[in-house]
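Geometric and topological summary
Listed below, chain by chain, are the residues.
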Amino acid sequence: MGKNKVYIYKSFERFWHWTQALLIFFLAFTGFEIHGSISFFGYLNAVRYHNIAAYAFIVLIIFAIFWHLSTGEWKQYLPTLEHIRSQIDYYLFGIFRNAPHPTKKTVLSKLNPLQKLVYLGLKILVIPIMVISGLLYMFYRYPQKGGGIAGLNIGSIEPIALIHTFGAFLLITFVIAHLYLITTGTTITSNLRAMITGYEELEETEGDENKSSENSDEVKSPEKKQNIEVETVLVEKEII
Amino acid sequence: MKKIVLVLLLIGLIIFLSVKLLTTENYKPTALSLLEEKYPKKETSSVDHSQFAVLQKKFNTPQEVTEACISCHTERDKEIMRSSHWNWEREEYIAGRGIVDIGKRNAVNNFCIGVEGNEQSCAKCHIGFGMTSTTFSFTDSKNIDCLVCHDNTETYVKGNELAGLPDPSVDLNYVSQHVGKPKRSNCGVCHFFGGGGNNVKHGDLESALFEPSKDVDVHMAVEGADLQCIDCHLTEKHKILGKMYSLSSMNKDRSTCEECHTENPHKEDILNEHTYKVACQACHIPVYAKVNATKTAWDWSTAGKLKNGQPYEEDDADGNHTYLSIKGSFKWGKNLKPEYIWFNGTADHYLLGDVINDTTKPLKINTLNGSYSDKDSKIIPVKIHRAIQPFDPVYKVLIQPKLFADKKGEGAFWQDFDWRRSSAVGMKDVKLPFSGKFSFIKTEMYWPVNHMVSTKDKTVQCNECHSRNNSRLAALTDFYMPARDYSSFVETAGIGIILLTLFGVFVHGTVRVFSSRKRKASPNNQNLSGV
Ligand code: HEM
């Protein structure tokens, strides 16, 4: 049972991930200044910066959608009920016993079933809601006065603002849980390192029983740097 | 690794550039630059009135001056006699009332209440000669006082209690030879002193505006554009734009900021969008009564106290009356933050004889209409003058007491200090029944604040309204405003899930650390590490 350094997160994916992280953090920060919870940039600046970051976020999302579609990576997020139980059991019990991860991370399936569900929810629910409510917030006009987009004549901003605010709370909740859960990889930092460098040590074989990986000490053994180039080429072939 | 640094640099650059691009320090709207070019150029008069023979013959009465004026400026007298400055009333349409003539004859205020029976002294601010309570011809053009508005020498003054005639010391020939367009000093002698003293009524119109600094008013500042009243209150055929909603009711003939500055004067879109719902004045007049105090409250119910049988007065440190036996108690304020209301340009008024339906809450002497959902409404700054004034609890109407008289015994409150008697006489003068009973009721009068516009750096900042606490707009609760408003449900739910998650992370993490330590301590005993 060997471990291999595998090129799992492509450079665009990492760029997208970190930019998105930065933007969401920045949007949340400026957003909650607009919300009246904190004050830091000054109100007008907070609004200005929130708007700029929002546009940047939308551009990034468009690129990301294109990337997901063209690489087929979108399939990673197809939800599955298989192993959901065991994944939950793992987080609730197994993890404390140092039990093995119930699903194996591979290049073709880098997300566990819970991640698939949650990330899919973010992609098709929370983020679209944030973008749409945010754009409405930006472009709504009072019913009677023209300007802006004539069709967007909204009597009161309140429902939009409340949805946008609740979405912001959800995203912050996600970030907290996310930050914690990335420490539950093979080592505390292996997931983080993977998202920074792109490489992660993964089990060589797939569909294995994985009994032997209970010996967590193995992780500490010197890295077997073998044929990374070859591996990468293989991986890329698989994706294409 | 190199790539990451590059990407970070790129992101940094983008942020830096966008912030740089959005900095607006030196922005000046074109409209404003044009105005600054136009206004400092002072007009010179095209005629010299001192050359005219008709103005050189000796004037014995002010009416002779008026005749001389009209001999050249024919038809102007007719314009004047159609104006509210002359008639002291104008025709207004008020929803629910129809077309009514509103003016000093039938309107009431919550300062000195009304002019009825007090014309002799009030006429000091009428543009006519000879107005007393019994005699005045509104059709005799000789009684027009041209000079009070057109004197450019600042020497023309009306006499005290002379029914509108000039003070005998005035040199009518000198004044009539030096006439021109009205200046701040002409308008100011009346409009700065409404309510019987400097700045008493408006709060934003006072003697400091004769020669203001930029801090007091950017437009009228002597060292700035030095605008005169009529530069904004554009006038044609003696019809002057702009009016006060203490008496006006209709959304027309208004003098607006937009007439010079356009509707979208800001560089920042988000600020221009505010102008849909927020009047310019709301942000650009952060405080009023900047130099001298204005009256904010007047309690008539304490009037009439005497010391040794004599009326007396009490003043505050600034010399403002806080108590007068003839008028009651006052409150004053300086550097006041306005209150804010929705206003669509139409108003209703309490008119003499109107029955007060609800005597438990303050009566609005003038009601400025508007609300968030009304498309024509904007948020405007107002001074609200609050009073406690006499009313008839049986007929439920405000009382117009007789206040002024030359001597005791005519029922005038300022002579006899007898509410019942002065109410009876006053109500008889305005031909309204009086039950013989009097009481006092709280009233509010709304004075839009339009002057004393501040320099740009003193403009109301976003977070003075957009804030949880002390929002200037705290009283306007009929709409959602970011930062001020939130839903306690969303807030509780949102903070709730965050706290739950943090708690979950904490418990989970603690157990993880704990169990892995145990495992390490006894690597061979896997059973111990279960939960
Ligand atoms: C493309 C995405 C987004 C757009 C277009 C957008 C746009 C806006 C706009 C226009 C406002 C109102 C600002 C104003 O008052 O002028 C706003 C408020 C706000 N935004 Fe966003 N936003 C986006 C994403 C986010 C994200 C990701 C977060 C947080 C994680 C967030 C948090 C907030 C919050 C908390 C407020 C204050 C809401 C309130 O109190 O009414 N926004 N957003």
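Thresholds, definitions, all that
Counting restarts for each chain: residues are numbered from 1 in the order of the written sequence. As a convention, the first chain written is A and the first ligand written is 1, with the rest following in written order. Only residues with pLDDT of at least 70 are given local features in this predicted model, and only at 80 or more are side-chain atom pairs given and counted; all residues enter the totals for whole chains, interfaces and linings. Side-chain descriptors were evaluated using all non-hydrogen atoms of the structure, hydrogens and water having been removed beforehand. Strands are runs of DSSP state E lasting at least 2 residues, helices are runs of H or I lasting at least 4, and numbering of each runs from the N terminus. Throughout, exposure labels follow a simple rule: accessible area from a 1.4 Å probe, protein chains only, divided by the maximum for the residue type, with under 20% read as buried, over 50% as exposed, and the rest as partly exposed. Residue contacts are counted whenever heavy atoms from the two residues lie within 4.5 Å of one another. Exposure was quantified through the Shrake-Rupley algorithm and a 1.4 Å probe, taking into account, for residues, occlusion by the shown protein chains and nothing else. The salt bridge criterion pairs a side-chain nitrogen of Lys or Arg with a carboxyl oxygen of Asp or Glu, the two atoms within 4 Å. Each aromatic pair joins two rings of Phe, Tyr and Trp (for Trp, the six-membered one) with centres within 6.5 Å, and gets the label stacked for planes under 30 degrees apart, edge-to-face for over 60, and tilted for any other angle. Here, the term disulfide refers to a pair of cysteine sulfur atoms separated by no more than 2.5 Å. Where each domain starts and ends comes from a domain assignment, either automatic or drawn from a database. Think of it this way: one heavy atom of a residue within 4 Å of a molecule or strand is enough to make that residue near it. Polar contact is the term for a pair of N or O atoms within 3.5 Å; when the atoms are in protein, one must be able to donate a hydrogen and the other to accept it, and sequence-neighboring residues count only if both atoms are side-chain atoms. By this rule, a helix spans an expected 1.5 Å times one less than how many residues it contains. The patches reported here contain residues having more than 30% relative accessible area and no salt bridge. Joining distances are 9 Å for like charges and 5 Å for nonpolar side chains (Val, Leu, Ile, Met, Phe, Trp, Tyr). Here the term donor refers to an N, O or S atom within 2.8 Å of the metal (or 3.2 Å for Na, K and Ca), and because water is left out of the atoms, sites may appear incomplete. The geometry test gives tetrahedral to four donors whose angles all lie between 85 and 135 degrees, gives square planar to four donors and octahedral to six donors whose opposite members are over 155 degrees apart with all other angles between 65 and 115, and gives irregular to the rest. Throughout, buried area stands for the accessible area (probe radius 1.4 Å) lost by two parts on being put together, summed over both. Whether two strands pair comes down to DSSP finding at least two bridges between them. How sure the predictor is of each residue is captured by pLDDT, a score from 0 to 100.

**Some remarks on the overall build of chain B**
Check the secondary structure of chain B and you find 17 helices and 15 strands. When its C-alpha atoms are laid out on the principal axes, chain B stretches across 125 × 60 × 45 Å. The buried share among the 531 residues of chain B stands at 43%. Considering only residue pairs separated by 6 or more positions, chain B has 67% of its internal contacts joining residues 24 or more positions apart. Accessible surface for chain B amounts to roughly 27,700 Å². Of this, 57% is attributable to carbon and sulfur atoms.

**Structural notes on the pattern of salt bridges**
Residue and element names in this part refer to chain A. Taken as a whole and judged by the stated rule, the model has 24 salt bridges over all chains. The partner of K110 in a salt bridge is E73, with the nearest N and O atoms 3.0 Å apart. Linking K110 in the loop between α3 (84-92) and α4 (113-139) with E73 in the loop between α2 (43-71) and α3, this pair joins segments that are 37 residues apart in sequence. Just as K110 is buried, E73 falls in that class too. Members of the salt-bridge network, linked through shared partners, are E13, E73 and K110.

**With respect to unusual backbone geometry**
Residue and element names in this part refer to chain B. Of note, E154 is a non-glycine position whose phi angle comes to about 60 degrees, a positive value. Even without being a glycine, F417 presents a positive backbone phi close to 55 degrees. Within the secondary structure, F417 sits in the loop between α14 (413-416) and α15 (419-429).

**Overview of the environment of I129 of chain A**
Residue and element names in this part refer to chain A. In this structure, I129 sits in helix α4. Of the residues examined, I129 reaches a relative accessible area of 38% and is grouped as partly exposed. Along the backbone, I129 and G167 are 38 residues apart, and their C-alpha atoms lie at a distance of 7.3 Å. Once residues lying within four places of it in the same chain are set aside, the contact partners of I129 are G134 and I163.

**Let's talk about the packing of aromatic side chains**
Residues and elements named next belong to chain B. Evaluated as defined, the whole model comprises 30 aromatic pairs over all chains. Taken together, a centroid distance of 5.8 Å and an interplanar angle of 80 degrees make the contact between F111 and W447 edge-to-face. Placement of the pair is F111 in the loop between β2 (98-103) and α6 (119-122) and W447 in strand β15 (residues 439-448), with a sequence separation of 336 residues. For W447, a relative accessible area of 3% gives the class buried.

**Comments concerning the state of the cysteines**
All names here are of chain B. Within this structure, the stated rule accounts for zero disulfides over all chains. The thiol sulfur of C187 is not disulfide-bonded, and the nearest other cysteine sulfur, from C229, lies at 3.8 Å. Residue C229 is classed as buried on the basis of its relative accessible area, which comes to 18%.

**A few points about the domain arrangement of chain B**
By a widespread convention, an interface's size corresponds to the accessible area lost as its parts come together. Parsing chain B into structural domains produces domain 1 (48-80 + 112-193), domain 2 (199-399 + 438-480) and domain 3 (486-516). Between the C-alpha centres of domain 2 of chain B and domain 3 of chain B there is a distance of 51 Å.

**A few points about the site of the ligand**
The full set close to the ligand counts 27 residues, and H35, H50, Y137 and H164 of chain A together with Y480 of chain B are the nearest of them. Surrounding the ligand is a set of residues that belongs to chains A and B. Within the side chain of H35 of chain A, a nitrogen or oxygen atom sits 2.4 Å from an oxygen atom of the ligand. Side-chain polar atom of H164 of chain A to a nitrogen atom of the ligand: 2.8 Å apart, as the coordinates give it.

**Things to note about helix α5 (residues 158-181) of chain A**
Helical periodicity: at 3.6 residues per turn, an α-helix aligns residues three or four positions apart in one direction. With 24 residues, α5 of chain A extends 34 Å between its outermost C-alpha atoms, agreeing within 8% with the 34 Å of an ideal straight helix rising 1.5 Å per residue. Those residues of α5 of chain A not exposed but buried are I160, A161, L162, H164, T165, G167, A168, F169, L171, T173, I176 and Y180 of chain A. Where α5 of chain A is buried, its residues touch α1 (11-34), α2 and α4 of chain A together with α17 (488-521) of chain B.

**Looking at a nonpolar patch on the surface**
Residue and element names in this part refer to chain A. A cluster of nonpolar side chains, I65, L69, W74 and L78, forms an exposed patch at the surface whose accessible area comes to about 400 Å². When you line up the elements, W74 lands in the loop between α2 and α3. We classify W74 as partly exposed; its relative accessible area is 38%.

**Description of the coordination of the iron atom of the ligand**
Each donor-metal-donor angle in an ideal tetrahedron of four donors is 109.5 degrees, and each such angle in an ideal octahedron of six donors is either 90 or 180 degrees. Residues and elements named next belong to chain A. Note on the iron atom of the ligand: its protein donors are H50 (NE2) and H164 (NE2). The metal-donor distances range over 2.0 to 2.1 Å. Between the six donor atoms coordinating the iron atom of the ligand, the angles at the centre fall across 84 to 180 degrees, so the site counts as octahedral. Within this pair, whereas H50 is found in helix α2, its partner H164 is found in helix α5, the two being separated by 114 residues in sequence. Taking the relative accessible area as the measure of exposure, H50 reaches 13% and is therefore buried.

**Quick notes on the interface of chain A and chain B**
Each side of the interface is counted separately: chain A has 46 residues, and chain B has 46 residues. Around 4,200 Å² of area is buried between chain A and chain B when both sides are counted, 69% of it from carbon and sulfur atoms. Summed over the three residues of chain A that lose the most area to chain B, namely Y43, F96 and Y180 of chain A, the buried surface amounts to 18% of that side. Put simply, chain A and chain B have one salt bridge between them. The shortest N-O distance in the salt bridge between R48 of chain A and E268 of chain B comes to 3.1 Å.

**Quick look at the environment of I341 of chain B**
Residues and elements named next belong to chain B. Note on placement: I341 falls in strand β9 (residues 339-343). In this structure I341 comes out as buried when scored by relative accessible area, which is 14%. Spatially, the C-alpha atoms of I341 and I388 are 22 Å apart, while their sequence positions differ by 47 residues. Apart from residues no more than four positions distant in its own chain, I341 is found in contact with L368, K378, I379, I380, V382, Y446 and L476.

**Looking at the pairing of β15 of chain B**
Residue and element names in this part refer to chain B. For β15, a buried count of seven out of 10 residues is recorded, marking the element as mostly surrounded by other parts of the structure. In this structure, strand β11 (residues 363-364) lies alongside β15, joined through two bridges in parallel fashion. Looking at β15, one finds that L363 is bridged to T443. The pairing of strand β13 (residues 378-392) with β15 spans 10 bridges and is antiparallel. Note on β15: the bridge partner recorded for V382 is P448.

**Notes on the side chain of N186 of chain B**
Residues and elements named next belong to chain B. Inspection of the secondary structure puts N186 in helix α9 (residues 184-191). A distance of 2.8 Å separates a polar side-chain atom of N186 from the backbone oxygen of D151. Among residues more than four places away in sequence, those in contact with N186 are L147, V148, C149, H150, D151 and N152.

**A few points about the environment of R97 of chain A**
Residues and elements named next belong to chain A. In this fold, R97 is placed in the loop between α3 and α4. R97 sits in the partly exposed class, given a relative accessible area of 40%. Considering only alpha carbons, one finds R97 and I52, 45 residues apart in sequence, at a separation of 47 Å.

**Examining the confidence of the model for chain B**
Residues and elements named next belong to chain B. Chain-level statistics for chain B give a pLDDT mean of 89 and a share of 94% at 70 or above. Ignoring residues within four places in sequence, the model shows residues 525-531, a span with pLDDT below 50, making 11 contacts including any to other chains. Listed scores for the predicted complex are pTM 0.86 and ipTM 0.82.

**Some points on the side chain of T294 of chain B**
Residues and elements named next belong to chain B. Mapped onto the elements of the fold, T294 is located in strand β5 (residues 294-299). A distance of 2.6 Å separates the side chain of T294 from the backbone oxygen of N199, its partner in a polar contact. At 3.1 Å, the side chain of T294 forms a polar contact with the backbone oxygen of V200. Beyond its immediate chain neighbours, meaning those up to four positions away, T294 contacts N199, V200, K201, H202, G203, Y288, A289, K331, W332, G333, L336 and K383.

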